[in-house]
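Residue-level structure breakdown
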2 protein chains.
Amino acid sequence: MSGTLHVIGTGPGNPDQMTPETLKAVEASTAFFGYFPYIDRLNLKPHQRKIASDNREELSRAKAALNLAASGETVCVVSGGDPGVFAMAAAVCEAIDAGPDAWKEIDLVVTPGVTAMLAVAARIGAPLGHDFCAISLSDNLKPWDVITRRLKLMAEAGMVIALYNPISKARPWQLGAAFDLLREVLPATVPVIFGRAAGRPDEAMLVMPLGEADANRADMATCVIIGSAETRVIARPGKPDLVYSPRFYSGEKT
Amino acid sequence: MSGTLHVIGTGPGNPDQMTPETLKAVEASTAFFGYFPYIDRLNLKPHQRKIASDNREELSRAKAALNLAASGETVCVVSGGDPGVFAMAAAVCEAIDAGPDAWKEIDLVVTPGVTAMLAVAARIGAPLGHDFCAISLSDNLKPWDVITRRLKLMAEAGMVIALYNPISKARPWQLGAAFDLLREVLPATVPVIFGRAAGRPDEAMLVMPLGEADANRADMATCVIIGSAETRVIARPGKPDLVYSPRFYSGEKT
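Residues numbered from 1 in each chain as written. Chains lettered and ligands numbered in written order. Predicted model: local features only at pLDDT ≥ 70, side-chain atom pairs only at ≥ 80, totals over all residues.

Here we come to the overall build of chain A. Scanning chain A from terminus to terminus reveals seven helices and 13 strands. Expected size for 254 residues packed as a compact globule is a radius of gyration near 18 Å; at 20 Å, chain A falls within 12% of this value. Residue burial in chain A is summarised as follows: out of 254 residues, 55% are buried. A sequence separation of at least 24 residues applies to 74% of the contacts in chain A between residues at least 6 apart. (Helix = DSSP H or I, 4+ residues; strand = E, 2+ residues; numbered from the N terminus. Rg over C-alpha atoms; globule rule 2.2 N^0.38 Å. Buried ≥ 20, exposed ≤ 12 C-beta atoms within 10 Å, placed from the backbone. Contact = placed C-beta atoms within 7 Å.)

Printed below as a string of structure tokens:
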């Protein structure tokens, strides 16, 4: 009598960036669990129930969704972006790992989506065109010294760095501290992209050199991409600058 | 008299994983440049011209597409996956950077897509649920010692590692050497995912511990994801194992 649990991502927020596969998972489901702004991106029908929760309640949300799926219902857990990148797929797996055996019998179907760094990168050129990493700057789930160690090693390795969860009311100073740390390793000319709300009506893209990067330009809807020493900026008359990381390694000093 | 250049990605190959935004870019374009298996994924109409090329000719393909767009045509450059991840968006930017001024006046529109590691991750659970990186294992465009240095630093930093271009006829030994190197840094129990042709009819997912990871299990259609010391495997009766990286940091030794 076990049901199905879909774990989907809405993409960055532009309906045109949500895949048909994701739409089919939405159509097949009768109950939706998620942070309410993400659920609100879906055009649900009257018979489809919304069980919205706050964005700090991932694990309890996952458990509630698994409970309902275990009873035989087709349930959908909704993330923004891609559900596998700093999002609900990991929370659902954590719950299954620690939960009752019945949860291991649920048909779990995770559907990939367009994650924020890809949407931001597309808007600005190709900053992720060579080796890169994605790091959550939130120190709610890992210690700050682990984050700073990772940032330093990434910069030393010459990786382009995409920062998720760069700033929030409860975490106001971490992004500035990250920029300070990276300025000790990377050239001041390295471009930093503040990609806000990519693909949505309130989209705003801003590029500034690391030497001048100002954490106040980011908010919770921003994905920050920090180039490597290889990353280049192309000025275009009458158009925004392009930022890209060449496919080949030129040996610029990192 | 400058035209438009769309740079798109088909996603991993399942038409249901291509976004509506990408389909609109395809509909608007009259000439298509790309590696032929990727162009063949599009249902082009008779008036839409295909200019297919081999997969080693990215820069000349980008230049040809830019030339045609500069003449006023609406042109589409086609990648697999996401066009910004080890794909054509960077080659197009490189060509613009080094090319004639007229190419900087072209309307460049890059459309994000589902990149291979996200499709593989979705199929297997949530291995990219925490900090991760993407590295191309091809030493055609960067020296092998840069690759080995990066791999070592990524493992030491506790990052999950997605390897693109893991193996080819011309590069038969690099993936095995990468496993050997990582075995010196990471526990032998770390799960390695061989994600082949995710979302396509010939899809095959395989998980083995790093200690036993066999490079011969990968081919050109495989994206290899190597867990961190935090990554866990969930056995499920009658279903494939789930692999996930928890959102929280437990402090497992890397």
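So, on to the domain arrangement of chain A. All names here are of chain A. Domain annotation for chain A reports domain 1 (4-110) and domain 2 (116-244). Computed over C-alpha atoms only, the centres of domain 1 and domain 2 are separated by 28 Å. Taken together, the seven residues of domain 1 in the interface contact 10 residues of domain 2. Grouping the amino acids of the side of domain 1 that touches domain 2 by side-chain chemistry returns three nonpolar, four polar and no charged. (Domains from an automatic or database assignment. Nonpolar A, V, L, I, M, F, W, Y, C, P; charged D, E, K, R; others polar.)

Before going further, it helps to spend a moment on the nonpolar core. One finds A:Leu66, A:Val92, A:Cys133, B:Leu66, B:Val92 and B:Cys133 to be the most contacted residues of the largest nonpolar core, which totals 170 residues. The residues contacting A:Val92, other than those within four sequence positions of it, are A:Leu5, A:Val7, A:Ala62, A:Leu66 and A:Val77. (Core = buried A, V, L, I, M, F, W, Y, C linked by C-beta atoms within 7 Å.)

Read from one edge to the other, the open sheet built from three strands follows the order E6-E13-E12 (chain B), with strand pairing classed as mixed. Two strands bound the open sheet, and with one partner strand each, they are strand E6 (125-126) and strand E12 (232-236) of chain B. (Pairing = 2+ DSSP bridges.)

Our next topic: the interface of chain B and chain A. One frequent convention defines the size of an interface as the accessible area lost when the parts assemble. Counting from both sides, the interface comprises 62 residues of chain B and, opposite them, 62 residues of chain A. Counting residues per element, the ones that place at least two in the side of chain B that touches chain A are helix H1 (20-28), helix H4 (88-98), helix H5 (116-124), E6, strand E7 (132-136), helix H6 (144-157), E12 and strand E13 (239-244) of chain B. Looking at the side of chain B that touches chain A, its residues break down into 35 nonpolar, 13 polar and 14 charged. Relative to E7(B), strand E7 (residues 132-136) of chain A runs antiparallel, the two being bridged by three bridges. Within the sheet, the bridge partner assigned to A:Ala134 lies in E7(B) and is B:Phe132.

Residues and elements named next belong to chain A. Helix length check: helix H3 (residues 58-70) (13 residues) gives 18 Å between terminal C-alpha atoms against 18 Å at 1.5 Å per residue, within 8%. All buried positions along H3 are accounted for by Glu 58, Arg 61, Ala 62, Lys 63, Ala 65, Leu 66, Leu 68, Ala 69 and Ala 70. In this fold, the buried residues of H3 make contact with strand E1 (4-9), strand E2 (31-35), strand E3 (49-53), strand E4 (74-79) and helix H4 (88-98). Taken from the residues just after H3, Gly 72 is the one with a positive phi, measuring 115°. (Expected span 1.5 Å × (residues − 1).)

Turning to the sheet that holds strand E9 (residues 191-196) of chain A, a few remarks are in order. With respect to topology, 10 strands assemble into an open sheet ordered E10(A)-E9(A)-E11(A)-E8(A)-E7(A)-E7(B)-E8(B)-E11(B)-E9(B)-E10(B), the strand pairing being mixed. For this open sheet the edge positions go to strand E10 (204-209) of chain A together with strand E10 (204-209) of chain B, each flanked by a neighbour on one side alone. Neighbouring strand axes in the sheet, compared pairwise and without regard to direction, differ in orientation by 15° on average. With three bridges connecting them, strand E8 (residues 160-164) of chain B and strand E11 (residues 222-226) of chain B associate as antiparallel partners. From the neighbouring strand, B:Ala162 faces E11(B), where its bridge partner is B:Ile225. (Axes fitted to C-alpha atoms, helices over the stretch in contact; angles between N-to-C directions.)

What follows deals with the relation of the copies chain B and chain A. When chain B is brought onto chain A, the operation consists of a screw motion whose angular component is 180° and whose axial shift is 0.0 Å, with 0.0 Å RMSD remaining. Put plainly, the chains are arranged around a two-fold axis. When C-alpha distances to the rotation axis are compared across chain B, the minimum falls at B:Cys133, with a value of 1.9 Å. A share of 100% of the interface residues of chain B reappears at the interface of chain A, consistent with the copies meeting face to face through the same patch. (Least-squares fit on C-alpha atoms with pLDDT ≥ 70 in both.)

To continue, consider the packing of H3(A) against H4(A). Residue and element names in this part refer to chain A. It is at 8 Å that the axes of H3 and H4 come closest, and there the two elements cross at 65°. What the angle tells us is that H3 and H4 run roughly perpendicular. Both H3 and H4 take part in a crossing whose hand is right-handed. Only Met 88, Ala 91, Val 92, Glu 94, Ala 95 and Ile 96 of H4 make contact with H3, whose side of the interface consists of Glu 58, Leu 59, Ala 62, Lys 63 and Leu 66. (Parallel < 35°, antiparallel > 145°, perpendicular 65-115°, else oblique. Left-handed = near helix turned anticlockwise from the far one by under 90°.)

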